[in-house]
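Structural overview for review
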Amino acid sequence: MPKYHINVKPAPPRFLPPGKYVLIDREEGCLGCKYCVKKLCPYGVYNKREFDSIQLRDTIDYYCRNCLYCVEACPGGTITLMVNPTYLEIGDSYWKPEIITKIWRQAETGMISVSGAGYRGPFAGSGFDDMWTDMSEIVRPTRDGIHGREYISTDIEIGRKLSYLAFDAQGKLASSTPPLIEIPIPMLFSLPGWGKWGKPVLLSMAKAAKTLNTLFIIPLAQFTKELHPYIDNLGIYIDSLEELSALPKDVKIIEIPYNLSQNFQVIKTSHPQTIVMIKIPLSPEAKQRSLTLTKNGAEVFHFSADDHGLEFAEKPRFIKDIIKDIHLSLVDEGTRDEVTVLVSGGIAMAEHVAKTTICGADGVILDQVLMVALECRLCKDCLQGIPCPIDIENIEPDWGAQRLINLMNAWRDQLLEVLGAMGMRDVRRLRGEMGRAIFYKDVLNEAFASIKRK
């Protein structure tokens, strides 16, 4: 079996991202050392520094890796760091500055971000942070690292699977097998539900999807002839049955909203070899809807949460908790293996892919994180009619595609690390493997449930 490989190339930012710290280099007190600490910087940032005449910024804050070597070693104490107030303004309460800057770095280099300063934060939080992956019981350790001799597959299949096969009296297959697509990474692309994205952004995503051999789901209204060369890696979203006749020839996947699901068989009759994906907003009704639709022959579900991974409800649950509930309900009904479950919303880090899979998803559909990889600041000025500060509508498509390819390589490598540390050789084995996770609420219950309040 040929090994899947992603080719990464450096894709530097067009606009310098704000650094976490601002370096203040005072000349007063300088002792004029022969071996100035600036010459000994392990990252050579003092040699690289320039003045960006467009953004009117010193580039050193971006190159600096915050190792504090120069701050500690300067005998005159002339160098200090302070937190950059611009950095703190990036993103929001969920898409935090450290998450966004990590995505930028991964999109630039294609490598897993390494922070060697240790972790001094809390070991539990909300959302994905109240779930830990348990990699302490390695039963089949892989050898030679994640790209060693023991190949680890990240392939997934998209489509409906038969629970059994039927054969006629001559032993020939009598079952009609539904269409199935295999992709080499459990990550698909889509557009966020907000923002104004021009052709260069769409072309970037289509090019990246083709290179990675994954799928990019795009609304029919935004499909143009320039995207036709990428049709094998596109899924088309339609809002109404009238749009069926306008679908491009040979489209592999059609996505429909839940309110069109009653027309599922009509669509399958007109497009029997096309996979139909039903998009269901994650709400308290999502579980029952998925159970009913699975019995009626549904092939693929796309469960969507909001950008923070929350359910659309008065008291919203987090995406991983809802997916776990839906997955276990399908398991109880004996129909889980018949359908593909994809999820979107709040997937902001590589570890979220593994954690969502453990909770029962087959794969994830990435949206907002792709825009961040293209340097989006999530300021959402575009919603107010204000020009985009990083001019995202006019990016160069090849550059944008490479940023997305790099990001996917970094995320896949991190997924391979998780699978390797668990002794797994196939991401499909990770689906629903909740025994490989520790949930903070379960730990609390186990430790303190027996203690009665006085």
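Since this is a predicted model, take the numbers as computed values, not measurements.

Okay, the overall build of the protein next. Along the backbone of the protein there are 13 helices and 16 strands. Relative to its length of 454 residues, the protein is compact, with a C-alpha radius of gyration of 24 Å against a globular reference of 22 Å. Projecting the C-alpha coordinates of the protein onto the three principal axes gives extents of approximately 95 × 65 × 50 Å. Relative to its 454 residues, the protein shows a buried fraction of 50%. In the form shown here, the protein has an accessible surface area of approximately 22800 Å², with 53% of it arising from carbon and sulfur atoms. The distance from the centre of the 53 positive side-chain charges to the centre of the 56 negative ones in the protein is 3 Å.

In this section: the domain arrangement of the protein. Entries for the protein in the domain assignment read domain 1 (21-89) and domain 2 (156-444). For domain 1 and domain 2, the distance between their C-alpha centres works out to 43 Å.

The side chains of a regular strand alternate between the sheet's two faces. For strand β12 (residues 275-281), the tally of buried residues reaches five of seven residues, placing the bulk of the element in the interior. In this sheet, β12 lies alongside strand β11 (residues 253-257) in parallel orientation, the contact comprising five bridges. By the bridge assignment, I256 is partnered in β12 with I278. Regarding topology, helix α7 (residues 264-270) serves as the crossover connection from β11 to the parallel β12, and that connection is right-handed. Across five bridges, the pairing between β12 and strand β13 (residues 300-304) is parallel.

Contact geometry for helix α5 (residues 97-109) and helix α12 (residues 397-422): axes closest at 6 Å, N-to-C directions at 105°. In terms of orientation, α5 and α12 fall into the roughly perpendicular class. Along its contact with α5, which presents I103, W104, Q106, A107, E108 and T109, the element α12 presents Q402, R403, N406, L407, A410, W411 and Q414. Considering only residue class, the contact of α5 with α12 consists of six nonpolar, five polar and two charged.

Glancing now at the packing of aromatic side chains. In the structure shown here, the tally under the stated rule is seven aromatic pairs. Ring centres of F128 and F318 lie 4.9 Å apart, and the angle between their planes is 85°; on these two criteria the pair is classed as edge-to-face. Placement of F128 in the loop between α5 and β5 (131-133) and of F318 in the loop between β13 and α9 (319-333) is noted, with a sequence separation of 190 residues between them. Per residue, the accessibility class of F128 equals that of F318, and both read buried. Relative to F303, the ring of F301 has its centre 5.5 Å away and its plane inclined at 45°; by these criteria the two rings are tilted. As far as burial versus exposure is concerned, F301 and F303 are alike and both buried.

What the rule picks out here adds up to 20 salt bridges. With a shortest N-O distance of 2.8 Å, E299 and K268 are connected by a salt bridge. One end of the pair, E299, is in the loop between α8 (286-295) and β13; the other, K268, is in helix α7, with 31 residues separating them in the sequence. An identical accessibility class is assigned to E299 and K268; each is buried. K380 is the partner of D307 in a salt bridge, and the nearest nitrogen-oxygen pair spans 3.9 Å.

Looking now at the nonpolar core. Judged by nonpolar contacts, the single largest core of 94 residues is most densely connected at F189, F216, F303 and W411. Contacts of F303, omitting those with residues within four sequence positions, involve I280, L282, A286, S290, I323, I326, V341, L342, V343 and S344. Counting 30 residues, the second largest nonpolar core, distinct from the first, contains I275, V300, L419 and F439.

Examined against the element boundaries, E417 turns out to sit in helix α12. The exposure class of E417 is partly exposed, given its relative accessible area of 40%.

We now examine unusual backbone geometry. Non-glycine residue N213 carries a positive phi angle of around 60°. Residue E375 is not a glycine yet carries a positive backbone phi of 85°. Turning to its location among the elements, E375 is positioned in the loop between α11 (368-373) and α12. Assessed through its relative accessible area of 1%, E375 is described here as buried.

Within the span of α8, buried status applies to A286, S290, L291, L293 and T294. Buried residues along α8 sit against β12, β13 and α9. Once α8 ends, the next one or two residues include G297, with phi positive near 100°.

Here is what the cut-offs are and how they apply
- Going along each chain's sequence as written, the residues are numbered from 1 onward.
- Residue-level local features of this predicted model are given only where pLDDT is at least 70; pairs of side-chain atoms are given and counted only at 80 or more, and the full residue set underlies all totals for whole chains, interfaces and linings.
- Hydrogens and water are ignored here; the side-chain numbers use all heavy atoms of the structure.
- Secondary structure is summarised from DSSP: a helix means a run of H or I of at least four residues, a strand means a run of E of at least two, and numbering begins at the N terminus for each.
- Only C-alpha atoms enter the radius of gyration, while the globule expectation follows 2.2 Å times N to the 0.38, with N the number of residues.
- Each residue is placed in one exposure class: buried if its accessible area under a 1.4 Å probe, protein chains only, is under 20% of its type's maximum, exposed if it is over 50%, and partly exposed if it falls in between.
- Computed with a 1.4 Å probe, the accessible areas rest on the Shrake-Rupley method; for each residue, only the protein chains presented here act as cover.
- For the purpose of charge, His is not counted, nor are the chain termini; Lys and Arg are scored as positive and Asp and Glu as negative.
- Charge placement uses NZ in Lys and CZ in Arg. For Asp and Glu, CG and CD serve respectively.
- What counts as a domain boundary in this text is fixed by an automatic or database domain assignment.
- Two strands qualify as a pair provided DSSP detects at least 2 bridges between them.
- Clockwise travel from the first strand over the helix to the second, with the strands pointing away from the viewer, marks a crossover as right-handed.
- Helix axes are fitted to C-alpha atoms over the stretch in contact, other axes to C-alpha atoms as well, and angles between N-to-C directions run from 0 to 180 degrees.
- For classification purposes, an angle smaller than 35 degrees is called roughly parallel, one larger than 145 roughly antiparallel, one from 65 to 115 roughly perpendicular, and anything else oblique.
- Pairs of residues are marked as contacts when any of their non-hydrogen atoms sit within 4.5 Å.
- For this classification, the nonpolar set comprises Ala, Val, Leu, Ile, Met, Phe, Trp, Tyr, Cys and Pro, the charged set comprises Asp, Glu, Lys and Arg, and every other residue, Gly included, is treated as polar.
- Paired rings are identified among Phe, Tyr and Trp, the last through its six-membered ring, by centres lying within 6.5 Å, and are further divided according to the angle between planes into stacked (under 30 degrees), edge-to-face (over 60) and tilted (the rest).
- Take a side-chain nitrogen of Lys or Arg and a carboxyl oxygen of Asp or Glu: if they are within 4 Å of each other, that pair is a salt bridge.
- We define the nonpolar core as a collection of buried residues of types Ala, Val, Leu, Ile, Met, Phe, Trp, Tyr and Cys that are connected through side-chain atoms lying within 4.5 Å of one another.

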